[in-house]
Amino acid sequence: LQAPSTTSDTTSVPAAITPSRPLCIGLHVRRGDSCSLGSRFCPRNFTATYFEAAARVRAKYGINRLVLATDDASAAAMCAAGVLGFECRSMHMDRTRFDARESIERRVVHRASGLLSGSAVALDALADVEMLSECDAHVLVLRSAVSRLALALSVGRKGRHSPLISLQWPWGGMPGPR
């Protein structure tokens, strides 16, 4: 079963926006508690979904650098190993805190300090948004607020849309009434 895909395309990625760094694809792999809750897009094969979508962007635009924002340790390990030949970077963090059957929002409410405090989780989320927004093309999951915030920040800063593949839902959030 293939996930529904929403694609936005531009004819080229302007390199002059940030000439001091290589172009990058922002890849958001959201799993953690959202997968254990059972209501989200959570493919088991990362290579055939997330990284393959990034490979489609690479084939079209020649961008080989991935910036991965993820709560999943397996995705981060694949990134570090250079899956599909990508040069990949990801933030270093303890991702095991996101593996739970209860949503992160419900767990942080009871923690005043430590890795699950609301402020620690918020800082990690803000770092992910910032990293993704700086990229020149995106593979996102637009049902995720982090993906939507990163895309909005990217468009606001650059004044244009970047090449985009959304692996679940187009911009606009949940599907409308039936």
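Above: the structure in question.
Model, not experiment: these values are computed from the prediction. (Residues numbered from 1 in each chain as written. Predicted model: local features only at pLDDT ≥ 70, side-chain atom pairs only at ≥ 80, totals over all residues. Heavy atoms only, no water.)

J.: Tell me about the pairing of strand β5 (residues 137–140), and please be specific about residues and values.
T.: Every second residue of β5 is oriented toward a common face, with Ala137 and Val139 on one face and His138 and Leu140 on the other, all of them buried. Where β5 lies against strand β6 (residues 164–166), three bridges are found, and the strand directions are parallel. By the bridge assignment, Val139 is partnered in β6 with Ile165. For the crossover from β5 across helix α6 (residues 145–158) to β6, the handedness is right-handed. (Buried < 20%, exposed > 50% of the residue type's maximum accessible area, 1.4 Å probe, protein only. Helix = DSSP H or I, 4+ residues; strand = E, 2+ residues; numbered from the N terminus. Pairing = 2+ DSSP bridges. Right-handed = clockwise from strand over helix to strand, strands pointing away.)

J.: Can you explain the nonpolar core? Please cite residues and give values.
T.: Ile25, Leu27, Tyr50, Leu66, Val139 and Leu167 are the most contacted members of the largest nonpolar core, which totals 25 residues. Going through the elements one at a time, β2 (24–29), α2 (47–61), β3 (65–70), α3 (73–80) and β5 are the ones with two or more residues in this core. When residues of this core are assigned to their parent elements, the largest contribution, seven residues, is made by α2. Not counting residues up to four positions away in its chain, the partners in contact with Leu27 are Tyr50, Phe51, Leu66, Val67, Leu68, Ala69, Leu132 and Val139. Among the nonpolar cores identified, the runner-up in size contains nine residues, and Val129, Leu132, Ala150 and Leu164 belong to it. (Core = buried A, V, L, I, M, F, W, Y, C linked by side-chain atoms within 4.5 Å. Contact = heavy atoms within 4.5 Å.)

J.: Talk me through α2; I want residue IDs and the actual numbers.
T.: Remark: the principal bend of α2, roughly 25°, maps to Ala53. Restricting attention to buried positions, one finds in α2 the residues Thr49, Tyr50, Phe51, Ala53, Ala54, Ala55, Val57 and Tyr61. On its buried face, α2 sits against β2, β3, α3, β5 and β6. At the C-terminal side of α2, Gly62 shows a positive phi close to 70°. (Bend = angle between axes of the 7 residues up to and from the residue.)

J.: Before we move on, could you go through the state of the cysteines and cite the residues and values that matter?
T.: By the definition in use, this model includes one disulfide. The disulfide partner of Cys79 is Cys88, and the S-S distance across this bridge is 2.0 Å. Torsion about the S-S bond of the Cys79 and Cys88 cystine: about -110°, corresponding to left-handed handedness. The residues Cys79 and Cys88 share a single accessibility class, namely buried. (Disulfide = S-S within 2.5 Å.)

J.: How would you summarise the environment of Tyr50 if you had to cite specific residues and measurements?
T.: Take Tyr50: it is sitting in helix α2. Along the sequence, Tyr50 and Ile165 sit 115 residues apart, while their C-alpha atoms lie 9.7 Å from each other. Setting aside anything within four residues of it in sequence, one finds Tyr50 in contact with Leu27, His28, Val29, Arg30, Phe41, Pro43, Val139, Val141 and Leu167.

J.: Residue-level account of unusual backbone geometry, with values.
T.: Look at Leu84: it is not a glycine, yet its phi comes out positive at around 55°. Since its relative accessible area comes to 36%, Leu84 is described here as partly exposed.

J.: I'd like to hear about the pattern of salt bridges, residue by residue, with values.
T.: The full count for this structure, using the stated rule, is six salt bridges. The partner of Arg65 in a salt bridge is Glu87, with the nearest N and O atoms 2.5 Å apart. Taken together, the positions of Arg65 in strand β3 and Glu87 in strand β4 (residues 87–90) put the pair 22 residues apart, joining distant regions of the chain. Notably, a salt bridge pairs Glu130 with Arg157, separated by 2.9 Å at the nearest N-O pair. Here the residue Glu130 occupies a position in helix α5 (residues 118–133), and Arg157 occupies one in helix α6, the gap between them amounting to 27 residues. Residue classification places Arg157 among the partly exposed positions, given a relative accessible area of 43%. It is possible to trace a salt-bridge network through shared partners that takes in Arg65, Glu87 and Arg89. (Salt bridge = Lys/Arg side-chain N within 4 Å of Asp/Glu carboxyl O.)

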